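# Observations on the three-dimensional arrangement
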Amino acid sequence: MDSGGRDVTDMTLRSTSVTAAEAASRSAVLKRLRLTDVVFHGLTRAAAMAVLVLLSGVIVALVIGAAPALGTFGFSFLFDESWNPVTERFGALAPIYGTLITSAIAMLIAVPVGLMIAFFLTELCPMVLRRPIGIAIELLAGIPSIIYGIWGLFIFAPFVQKYIQPPLIDTFANVPVLNSLFAGPPYGIGMATAGMILAIMVLPFVTSISRDVFDAVPPVLKEAAYGVGCTTWEVFRNVVLPFTRVGVIGGFMLGLGRALGETMAVTFVIGNAHHVSASLFAPGTTISASIANEFTEAVGDLYTSSLVALGLILFFITFIVLAIARYMLLRLQQRAG
Amino acid sequence: MNFTRIALATAVLALSSAAANAIDISGAGATFPYPIYAKWADAYKKETGSGLNYQSIGSGGGIKQIKAKTVTFGATDAPLPGKELDESGLAQFPMVMGAIVPVVNLDGVKPGELTLDGPTVAKIYLGEVKSWDDPAIAKLNPNTKLPKQAIVPVRRSDGSGTTYNFAYYLADVNPDWKSKVGVSTAVQWPVGIGAKGNEGVANNVANTKGAIGYVEYAYAKQNKLTHTKMVNKAGKTVEPSSASFQAAAANADWNSQPGYGVILANQPGDQSWPMTAATWILLYKKPADVPATAEALKFFAWSYAKGDKMAEDLDYVPMPDKVVNDIQKMWSSEIKDAGGKPLFSPTN
């Protein structure tokens, strides 16, 4: 049977004349293959479901934990500035405010700087520098947040107190609005410092994602733009950015997600004060910093429950941010397409 | 066959007797006494083989852990009220005393150079005294050149027995503090920046020009911070030192509160340091783990008897002998196993 195995005609013959035994073994193989697929399918689905189960578990646990506080204070919990363990009156306004303000400062600094770095790296940077700068940015992402916190407390905050805050406070002393935004006394520690540390921490996210998407812009588009006489800025503004906006927004949201939830570095430099102040130099607190600081030592059910309620609020804020990001992406895609 | 059986039996015996000799005690709570507990535990282990695993997670955490029965004893700087002790079946007794000192960061001001009094410290933390050249501070320090610099009050961001004792003192000397802020392990601070733990406050004060903070004396000393002198209840200016802490402790009437829960703030006496504080141990009167609690009592008795020198080396104040006798009588009469047998007798 196997004598002329290499002959093409022979092969055809073999495949058409199937013995019963061969047919049985083939169907067994097929069955096994089908089974592996079913198992693999099931495993992937189980893994995906596990995420849903975990997520709903977290929500349920947060809601149950937060119930006493939300039941006691109701909606006013969201708008109350007081945080008084002595009289057991708690409100989330100061932590929410601090979370949003520090994240806003971080994004205001990190996004323009990150986009500029990314554009420089992909378009303008000499080849020799490209790798060192790229690696340095990635290393920045690898530094643990506690290191940022310690550096912020020991090096950065004293520097801010001495060289950044006094001139800003003096310069804007007579300018309306700005004088309340940059009001003293210069503590070094405060919301502005926390925002600046956060900016450094989210910079690598914004930069590396933007760099990757900028790299994906077809060279022909840029070359055509340069060809009709566009300046570098015009190419960046009118070709690269519109082409990559989806990816850039993705990087922005990833950075914002980190800024909103960052705990360790912030708690070192924000001052941990439950106050809502107009001045960016005033100490404040964020949701995650409050939880990290106070949870272990919270005495009484209402206190603990209020901290859990803060966690629930952070969960919602993150959810809303993600939802807005999705919505923006959707609209952009619709407009584009 | 016979030989192996004997060998096995010996091995089991050896193992079980070793276990009986060295029971590890677990405790959790206050950070304030942590340095001395760690030192005592080290010496005790060398002498007896029994180790102590003490987690300095803070007084509130210590109270939670002992109520959850995850540790043999809890430690707290804020004494539990008698009612709470009775409800939870806990015994409470003071282990050692120490002191809280104000520390400052001012250019050109050396440790012990600045003098403050209680009402002024309260006003600083209420936000009423905002600058170092304020007349209230200048009046206490006629010979020191005070800069026109903003005061940065630094305080604990976590709940803390140190805060409890500090706030208790401020409430005692300033009625505004009592009505506006109150006394607790965590309060609603009108001004200032928060830092986690004694070491957090120490670091923040060391790194912020114009800062004032309050820390346990050992932390101030170890971090070489600029401590201040204080005007005490008798109107005398005192240095923080073992002598002034002991003077404050000497006048305390320990039996006036259930569970010896006497706060030593603002004690009378010319030499008394006004922010002296005791730290307490919490144990179950009917413990679930009898051997561990018995071992813990042995460790505490050993510390009372042989730990005074070590405590003084670290600037803590040992408990007076009379109080220790009282406490040990309480142990033998109140801490018992399920059969009603006391876990501790003062003679052994």
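Residues numbered from 1 in each chain as written. Chains lettered and ligands numbered in written order. Predicted model: local features only at pLDDT ≥ 70, side-chain atom pairs only at ≥ 80, totals over all residues. Heavy atoms only, no water.

All names here are of chain A. The assigned domain composition of chain A is domain 1 (1-73) and domain 2 (79-335). Once you take the C-alpha centre of each, domain 1 and domain 2 turn out to be 42 Å apart. Contacts between the two partners involve 13 residues from domain 1 and, on the opposite side, 11 residues from domain 2. Carbon and sulfur atoms make up 84% of the area that domain 1 and domain 2 hide from each other, which totals about 900 Å². In terms of surface lost to domain 2, no three residues of domain 1 exceed Leu62, Ala69 and Phe73, which account for 50% of the buried area on that side. On the surface where domain 1 and domain 2 come into contact, there are 0 salt bridges. (Domains from an automatic or database assignment. Contact = heavy atoms within 4.5 Å. Buried area = accessible area lost by both parts, 1.4 Å probe. Salt bridge = Lys/Arg side-chain N within 4 Å of Asp/Glu carboxyl O.)

Attention now moves to the sheet that holds strand β11 (residues 237-238) of chain B. Residues and elements named next belong to chain B. Taken together, 3 strands build an open sheet; the order of strands is β5-β10-β11 and the sheet is mixed. This sheet does not close on itself; its edge strands, each paired only once, are β5 (115-117) and β11. Across the sheet, helix α5 (residues 118-126) is in contact with β5 and β10 (229-231); its angle to β5 comes to roughly 85 degrees. (Pairing = 2+ DSSP bridges. Helix = DSSP H or I, 4+ residues; strand = E, 2+ residues; numbered from the N terminus. Axes fitted to C-alpha atoms, helices over the stretch in contact; angles between N-to-C directions.)

Before going further, it helps to examine the UniProt feature "domain: ABC transmembrane type-1" (unreviewed entry) in chain A. As annotated in UniProt, the feature "domain: ABC transmembrane type-1" (unreviewed entry) corresponds to residues 96-325 of chain A in the numbering used here. Structurally, residues 96-325 of chain A comprises 78% helix and 0% strand, and the distance from its first C-alpha atom to its last is 20 Å. (UniProt positions renumbered as here; feature names shortened; annotations may be inferred.)

Here the focus is the domain arrangement of chain B. Residues and elements named next belong to chain B. Each assigned domain of chain B is listed with its residue range as follows: domain 1 (24-97 + 279-334) and domain 2 (99-251). Using C-alpha coordinates to define each centre, domain 1 is positioned 28 Å away from domain 2. On the side of domain 2, 17 residues touch domain 1, which itself brings 13 residues to the contact. Between domain 1 and domain 2, roughly 1300 Å² of surface is buried when both sides are summed, and carbon and sulfur atoms account for 56% of that area. For the domain 1 face of the interface with domain 2, the top three residues by lost area are Phe32, Asp315 and Val317, together amounting to 41%. Counting across the interface, domain 1 meets domain 2 through 1 salt bridge. Notably, a salt bridge pairs aspartate 315 with lysine 221, separated by 2.7 Å at the nearest N-O pair. Connecting domain 1 to domain 2 are 2 residue pairs in polar contact (both at pLDDT 80 or more). When grouped by side-chain class, the residues that make up the side of domain 1 that touches domain 2 number 8 nonpolar, 2 polar and 3 charged. (Polar contact = N/O pair within 3.5 Å; in protein donor to acceptor, adjacent residues only side chain to side chain. Nonpolar A, V, L, I, M, F, W, Y, C, P; charged D, E, K, R; others polar.)

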